[in-house]
Amino acid sequence: MNSSKNTARGLMCALGLLLTGAGIAAQESAPPTNPGSSKDLPGTQEAGARSPEELASVRILATGGTIAGAQANPQGYGYKSGAFKVEDLIKAVPNLDKVAKLTGEQVANIGSQDMNDAVWLKLAKRTNELLASPEVDAVVVTHGTDTLEETAYFLDLVVKSDKPVVLVGSMRPATAISADGPANLYNAVAVASSPEAKGRGVLIVINDEIHTARNVTKTNTTNVETFRSPNRGPAGVVNTGDVHWFERMDKKHTVDSEFSVTGKNTLPRVDILYAHANMSPDLIDSAVKNGAKGLVIAGVGDGNMTQPALDTLARHVKKGVVVVRSTRLPSGLVLRNNEINDDQKGFVASGELNPAKSRVLLQLALLETKDPNRVQRMFEEY
Ligand code: ASP
């Protein structure tokens, strides 16, 4: 209960009373703005020197999440994701219009725990349409943090443009004291406007850091310092719009990706199963019976699991189900043919990809092939 999000919730009750007392209904108004002028914001000073015509045109696509969240009611403990609209988010950030020429549209307004294939396909289609236009230089997607990494990696694999795509969320709702959303959005727009963001694949900007979609993962349930890239570290840092880049990603993405969702209305079902001591194979059978075409195992250690689970998976591989061994551990690679003979059993080793990212890649891989050798090659290249 001593986490930042829960502490913020307690403080929000007091703030909520003030808002209500002033006759401001959180759901109907813009989130509170941060005080400050362009003088306080180094990034803005730099951007402010540019004429409006020189600024990048950035389209903000909003999907909901805590960044657009408000407390449910003044006395309430929790909060509601996606209470504010995209216009409210833009209005809440001082001087954002000096960083880029902004327009916004609402693609969805959900907590990202409800993110699904239909919204992904809509988002991918819209992002590709926008980036194909000479009028749009970059896209920023506002999103809940729970599945931020999955949406980012999905877009990384299916966006056909080298223009910047930046996802941003927040850990505290817009009505919280010290809400992190406005600063994160400011930095996200600054990164999206940075000429050096081009060709880096889809990025996540949060808590003054820039991460690549492929490497990043949420590591803490409530702390603002939750997104990390455990195996490789961040792609850069950004302080009040001042962007500094680190090394470029060597894996394929966006314009080099072989995956496409053009014309697709659905994606194949891929389930994740969590390995543990005494793991029984029943859930594996159940997933396949219920229509899973691919399975990702969040294995113990280096993608391990019990012998009955291994035997059951090998049986399903023979019938065309693609099985990827990932790990429930936060870092490290799952190695091929290390403790488990993947060649013999027909499994795919996930390498650096965690179970959630492995699921995204396998969904797209299954649009192309059921051959585990081809899927293994994809896991090595993306
Ligand atoms: N449950 C929220 C979401 O993912 C959490 C957040 O945004 O931080 O939409």
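A. Region of interest: the sheet that holds strand E16 (residues 348-349). What the four strands build is an open sheet, ordered E13-E14-E15-E16; its pairing is parallel. What marks the edges here is a single partner per strand, and that holds for strand E13 (270-274) and E16. Pairing analysis gives two bridges linking strand E15 (residues 322-327) to E16, with the strands arranged parallel. Bridge pairing in E16 places Arg-325 opposite Ala-349.

B. Local environment of the site of the ligand. If you check the shell around the ligand, you find Gly-65, Thr-66, Ser-81, Gly-111, Ser-112, Gln-113, Gly-144, Thr-145, Asp-146, Gly-169 and Met-171 and nothing else. Here the shell around the ligand is built from residues that sort into one nonpolar, nine polar and one charged.

C. Fine view of the sheet that holds strand E11 (residues 236-239). What the eight strands build is an open sheet, ordered E4-E1-E5-E6-E7-E8-E11-E12; its pairing is mixed. A single partner strand is all that each edge strand has here, and the edge strands are strand E4 (101-110) and strand E12 (242-245). The sheet shows a mean angle of 25° between the axes of neighbouring strands, direction not considered. Pairing analysis gives four bridges linking strand E5 (residues 138-142) to strand E6 (residues 165-168), with the strands arranged parallel. When the bridges of E6 are listed, Val-139 appears paired with Val-165. Contacts from helix H5 (residues 148-158) reach E6 and strand E7 (203-206), with the element oriented near 170° to E6.

D. Spatial organisation of the nonpolar core. By size, the foremost hydrophobic cluster in this structure holds 102 residues, and its most contacted members are Val-140, Val-189 and Val-191. Looking at which element gives the most residues to this core, the answer is helix H6 (residues 181-193), with eight residues. Split by domain, the residues of this core number at least three in each of domain 1 (4-255) and domain 2 (268-381). In contact with Val-191, other than residues within four places in its own chain, are Val-166, Ala-197, Leu-203, Val-205, Ile-210, Val-238 and Val-243.

The rules behind these values
Throughout, a residue's number is its position along its own chain's written sequence, starting from 1. In keeping with the model being predicted, local features are shown solely for residues with a pLDDT of at least 70 and side-chain atom pairs are shown and tallied solely at 80 or more, while totals for entire chains, interfaces and linings include all residues. Only strands joined by at least two bridges in the DSSP assignment are considered to pair. Comment: elements are numbered from the N terminus, with helices defined as DSSP H or I runs of at least four residues and strands as E runs of at least two. Here is the check we use: build the C-beta atom from the backbone, and if it is within 6 Å of the molecule or strand, call the residue near. Gly is put with the polar residues, along with every residue not named as nonpolar or charged; the nonpolar set is Ala, Val, Leu, Ile, Met, Phe, Trp, Tyr, Cys and Pro, and the charged set is Asp, Glu, Lys and Arg. In this analysis, axes come from line fits to C-alpha atoms, helices being fitted only over the stretch in contact, and the angle between any two N-to-C directions falls in the range 0 to 180 degrees. For the purpose of contact definition, each residue receives a C-beta atom placed from its backbone, and two residues are in contact when these atoms lie within 7 Å. A set of buried Ala, Val, Leu, Ile, Met, Phe, Trp, Tyr and Cys residues, joined through C-beta atoms within 7 Å, is what we mean by a nonpolar core. Here a residue counts as buried when 20 or more other C-beta atoms sit within 10 Å of its C-beta, as exposed when there are 12 or fewer, and as partly exposed otherwise, the C-beta atoms being derived from the backbone. Domain start and end points were adopted from an automatic or database domain assignment.

Spatial relationships are all this shows, so hold off on functional conclusions.
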